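# Fold and geometry: a report
Read off the chains here:
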Amino acid sequence: MTDQRSLAVVGAGYVGLATAATFLELGHHVALLDVDQPRISGLRDGVSPIDEPGLDAALARARERDTVLFTTDPNEALSSADVVFVCVGTPRSESGEADLSYLEAALTTASEAGSGAPIVVKSTVPPGTSSRLQKQFPELRLVSNPEFLRQGSALADALAPDRIVIGAANAVEGNLVRSLYAPMEELGVEIVATDTESAELIKYAANTMLAIRVAFINEIADVCEASGADIDDVARGVGLDPRIGSAFLQAGPGFGGSCFPKDTRALVEASRQLGAPVTVVEAAETSNRRRRASLATRVVSLLDPSESPRKVGVLGLSFKSGTDDLRESPAVDLVRGLLELGVEVTAFDPLLPAQLESLAPEAMLAATALEASRGVDALVVVTEWPEFSQLDFGDIAETMRGTTIVDLRNVLDSDAVSAAGLSLFQVGKSNWRLGGVSP
Ligand code: NAD
Ligand code: UGA
């Protein structure tokens, strides 16, 4: 058991809640501060604003032990904290740069609350940000500690990270933050203790490297479609080289989510401003944007033009499985693109994100995958929810008008689909261009 500390976490989103839950599980007291009153009220009532495995249970345990406080009052959260973690959003601004206004607001709040504790920036920020903000807020002691968790496994990732990166200008603050991670370090997790610029750049370099891999394998999938190669075999054959590895080589509809798109853009902007442009990231970003923009026309090219109106069912709306997050979701691009082309769309997602109404009001939401397939000419799997690979394609074939199944994640069993008399089109398979596997 480590020394029990009083910690404050600013920002109750994915990173803030996972950070708070992690330190609560490690036995510390945590005050969670957010400017969003309904979010804080909900958390007090035991309602988490995000769907993440294990989060509700961890917060409930802390509530029972009386070790967690949810508040909108900066003084209540910050005045007695030993360490403050800042986990506010750094979204893409109009110009594409990271919008640091929420971070600056949070630092102003910490300054006004007279916090003498180290302020640990977990938000993703361009290299040089902490040094610049340190000059702007000389009364604060800033440390950079980027976060690498993934949505859908946020708490598990935060509790068992691959590595912990701590960037500090001063060893005292750096060591204090490091001591909080001692239980993980004892289990063998490596600590990268460095300066703040390096810590900040590690985060962008990691995210953009992964984004480049996804964009790359998607272009290789296009080459497969054009040449008759099979992307699943190609990705496997490439990934078995230990110098390359198999992670992030799954071809699909393009990368999305709240981080890859904004972080690729932010690094492109920041590197240009530094006079050291990262053009390979720029290329990945362009490639991904084009891919996502082409999804609707690719699907429409498979529809019978004589049907009016043409109807498509969309399975999965979140940007990947395991999350209810629709931010920068390729599925939303597809839905909007189909609607623009005059296609009627019925969509289903296991977590049914209510936001679809504001993102694509003309789309209809179905309560089940079968309902989304009723009367449609084509059914498209866009998000790799495991239950889609278990669907009964016999039932689906009976309820559809057409026979086209598009699998943008290559998760369906081609034999099961063909046995139901349906034509399957998958990413990076030659049948996409050649007209599909005939029933
Ligand atoms: P989020 O949008 O889910 O949550 C941000 C929270 O901060 C919101 O609840 C908002 O109300 C609150 N907030 C904004 N300004 C505030 C202020 N001044 N004081 C108190 N609260 C404030 O964001 P997120 O997804 O948790 O991301 C946070 C940061 O972490 C971003 O920089 C992101 O790039 C990075 N990151 C995110 C993930 C992820 O998977 N989502 C993973 C690693 C890193
Ligand atoms: C990503 C990183 O994986 C985290 O390490 C990082 O902390 C986080 O961004 C962040 O900075 O916010 P996340 O956005 O939750 O996490 O999602 P990923 O699992 O990385 O997937 C990102 C996108 O790439 C998704 O659209 C996913 O469908 C796509 N992807 C991923 C593929 O198309 N193929 C793959 O092989 C892997």
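In what follows, the structure referred to is the one given above.
Notes on the structure in this doc start here.

Calculation criteria
- Residues numbered from 1 in each chain as written.
- Chains lettered and ligands numbered in written order.
- Predicted model: local features only at pLDDT ≥ 70, side-chain atom pairs only at ≥ 80, totals over all residues.
- Heavy atoms only, no water.
- Near = heavy atom within 4 Å.
- Polar contact = N/O pair within 3.5 Å; in protein donor to acceptor, adjacent residues only side chain to side chain.
- Helix = DSSP H or I, 4+ residues; strand = E, 2+ residues; numbered from the N terminus.
- Nonpolar A, V, L, I, M, F, W, Y, C, P; charged D, E, K, R; others polar.
- 1 Å grid on protein atoms, 1.4 Å probe; cavity = no way out; pocket = protein on both sides within 12 Å on 5 of 7 lines; lining within 4 Å.
- Points joined across faces, edges and corners; volume = space filled by probe spheres on them.
- Areas by Shrake-Rupley, 256 points an atom, 1.4 Å probe, with all protein chains shown as cover.
- Contact = heavy atoms within 4.5 Å.
- Pairing = 2+ DSSP bridges.
- Axes fitted to C-alpha atoms, helices over the stretch in contact; angles between N-to-C directions.

The next subject is the site of ligand 2. Neighbouring ligand 2 are 18 residues; F148, L149, K203, N207 and C259 lie closest to it. Contact distances for ligand 2 include 2.7 Å between an oxygen atom and a side-chain N or O atom of K203. Here R409 contributes a side-chain N or O atom positioned 2.8 Å from an oxygen atom of ligand 2. Counting residues per element, the shell around ligand 2 draws most heavily on helix α10 (residues 196–227), which supplies three residues. Taken together, the residues of the shell around ligand 2 sort by class into nine nonpolar, four polar and five charged.

The next thing to look at is the layout of surface pockets. Computed from the structure, the second largest pocket encloses a volume of approximately 220 Å³. Lining the second largest pocket are E97, A98, L100, P126, P127, G128, T129, R132, A266, A270, Q273 and L274. The element contributing the most residues to the lining of the second largest pocket is helix α12 (residues 260–273), with three residues. Looking at the lining of the second largest pocket residue by residue, the classes come out as seven nonpolar, three polar and two charged.

Take unusual backbone geometry next. S308 connects to P309 through a cis peptide bond whose omega is -5 degrees. Examined against the element boundaries, P309 turns out to sit in the loop between α13 (279–300) and β9 (311–315). With a phi angle near 60 degrees, D66 is a residue other than glycine that sits in the positive phi range. Checked against the element boundaries, D66 lands in the loop between α3 (55–65) and β3 (68–71).

Here we take up empty space enclosed by the protein. Across all of its chains, the model carries one cavity of 30 Å³ or more by this definition. By volume, the largest cavity is sized at about 40 Å³. Every residue along the wall of the largest cavity is listed here: V121, S123, T124, V125, S144, P146, E200 and K203. Looking at the lining of the largest cavity, its residues break down into three nonpolar, three polar and two charged.

Turning to the site of ligand 1, a few remarks are in order. In the region of ligand 1, 28 residues are neighbours, and V15, D34, T90, T124 and K262 sit closest. The separation between an oxygen atom of ligand 1 and a polar side-chain atom of R39 is 3.3 Å. Separating an oxygen atom of ligand 1 from a side-chain N or O atom of K262 is a distance of 2.6 Å. Contact with the protein chains covers 89% of the free accessible surface of ligand 1, which is 830 Å². Breaking the shell around ligand 1 down by element, the ones donating at least two residues are α1 (14–25) and α5 (101–112). Residue contributions to the shell around ligand 1 peak at three residues, all from α5. Looking at the shell around ligand 1 residue by residue, the class counts come to 13 nonpolar, eight polar and seven charged.

The subject of this paragraph is the environment of R132. Relative to the helices and strands, R132 resides in helix α6 (residues 129–136). Considered as a pair, R132 and A77 are 55 residues apart in the sequence and their alpha carbons are 25 Å apart. Leaving out residues up to four positions away in the same chain, R132 has contacts with L100 and E104.

One open sheet holds the eight strands; their spatial order is β3-β2-β1-β4-β5-β6-β7-β8, and the pairing between them is mixed. The sheet is open, and its two edges are formed by β3 and β8 (190–194), each paired on a single side. Each adjacent strand pair in this sheet contributes to an overall mean axis angle of 20 degrees, direction not counted. As paired elements, strand β4 (residues 83–86) and strand β5 (residues 118–121) share three bridges and run parallel to each other. Opposite V84, over in β5, you have I119 as the bridge partner. Taken strand by strand, helix α8 (residues 171–180) contacts β1 (6–10), β4, β5, β6 (141–144), β7 (163–168) and β8, and its axis lies near 160 degrees from that of β7. Packing of α10 onto the sheet brings it into contact with β6, β7 and β8, and relative to β7 it is tilted by some 140 degrees.

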